[in-house]
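# Examining the three-dimensional arrangement
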Amino acid sequence: QFSVNGRGRGTIAIARAEDAGGEHHVAANVAFSMAQANQRVLLIGANFQHHTRYVGAATELPFTFSELLMLPLPEPGDILSFDNGRGMWTVPVGPQMDHLSQYLTHQQVDRVLSHLRNLFDVIVIDAPPLTQWQGTLLFRCTDYGIIVVEADRTHRTALRQTFEDVQATGANVLGVVYSAEGGG
């Protein structure tokens, strides 16, 4: 069971150390595993370069991460009325936004996550790579971050530097996942 400070609720950002893509597989597996442990899980696609749609065991909500950042937040009943009985929901990233930095701010992300924390036990964010400012921002806005490194691609010195850079922002790194999967 995942718990933050004994509250039983938490947020996790998952991002690659480099611009390799493919972290969405780790994010989806983490979210699915937590849903199997009877947690109410929301998986948010937040990587505007990779428009991943999560299909299968989850209910996709009828709004995107882009819309959550820009529009008034939906009522809790509007969110939870879409229930497949499996304990897992997804929000796709949505279209690339003009003036992304205007909407993807610490304040806006905190506003969205604060609203959603009341509805879900765990929120997993499929974040952009940590080499991009968006990935680092999302790590800072969540309780924990998981860094994904790719076999035969991520060099130890680059990982060490990424880890130190992320920790310097105040983000809590939960751990590193070593992925032998190709970058896609």
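Structure first, text after, so check above.
The paragraphs below set out a description of the structure included in this document. Residue numbering note: each chain is counted from 1, following its sequence as written. Owing to the predicted nature of the model, reporting of local features is limited to residues with pLDDT of at least 70; listing and counting of side-chain atom pairs is limited to 80 or more, with chain, interface and lining totals taken over all residues. To get the side-chain values, all heavy atoms of the structure are used, and hydrogens and water are removed first.

## A short note on the overall build of the protein chain
To be explicit about the condition: Each helix corresponds to a stretch of at least 4 residues labelled H or I by DSSP, and each strand to a stretch of at least 2 residues labelled E; elements are numbered beginning at the N terminus. For every residue, the accessible area obtained with a 1.4 Å probe (protein chains only) is divided by the maximum for its type, and the residue is called buried under 20%, exposed over 50%, and partly exposed between those limits. By definition in these notes, contact holds between two residues if any of their heavy atoms fall within 4.5 Å. Only the protein chains shown count as cover for residues, and all accessible areas are computed by the Shrake-Rupley method using a 1.4 Å probe.
On a plain count of helices and strands, the protein chain comes out with seven helices and seven strands. Ordered by position in the sequence, the α and β elements of the protein chain form the string β-α-β-β-α-α-β-α-α-β-α-β-α-β. Sorting the 184 residues of the protein chain into buried and exposed places 53% on the buried side. For the protein chain, long-range pairs separated by at least 24 residues make up 82% of all intrachain contacts whose partners lie at least 6 apart in sequence. Accessible surface computed for the protein chain: about 8,600 Å², of which carbon and sulfur atoms make up 49%.

## A short note on the pairing of strand β6 (residues 144-150)
Defined as follows: Being paired, for any two strands, means DSSP has found at least two bridges between them. Here the term right-handed applies to a crossover when the path leading from its first strand over the helix to its second strand runs clockwise, the strands being oriented away from the viewer.
A large share of β6 lies buried, amounting to six of its seven residues. Pairing between strand β1 (residues 10-16) and β6: five bridges, direction parallel. Its bridge partner lying in β6, Ala15 is registered against Ile147. Following the chain from β6 across helix α7 (residues 156-168) to the adjacent parallel strand β7 (residues 173-179), one finds a crossover that is right-handed.

The values reported here are purely geometric and, on their own, carry no functional implication.
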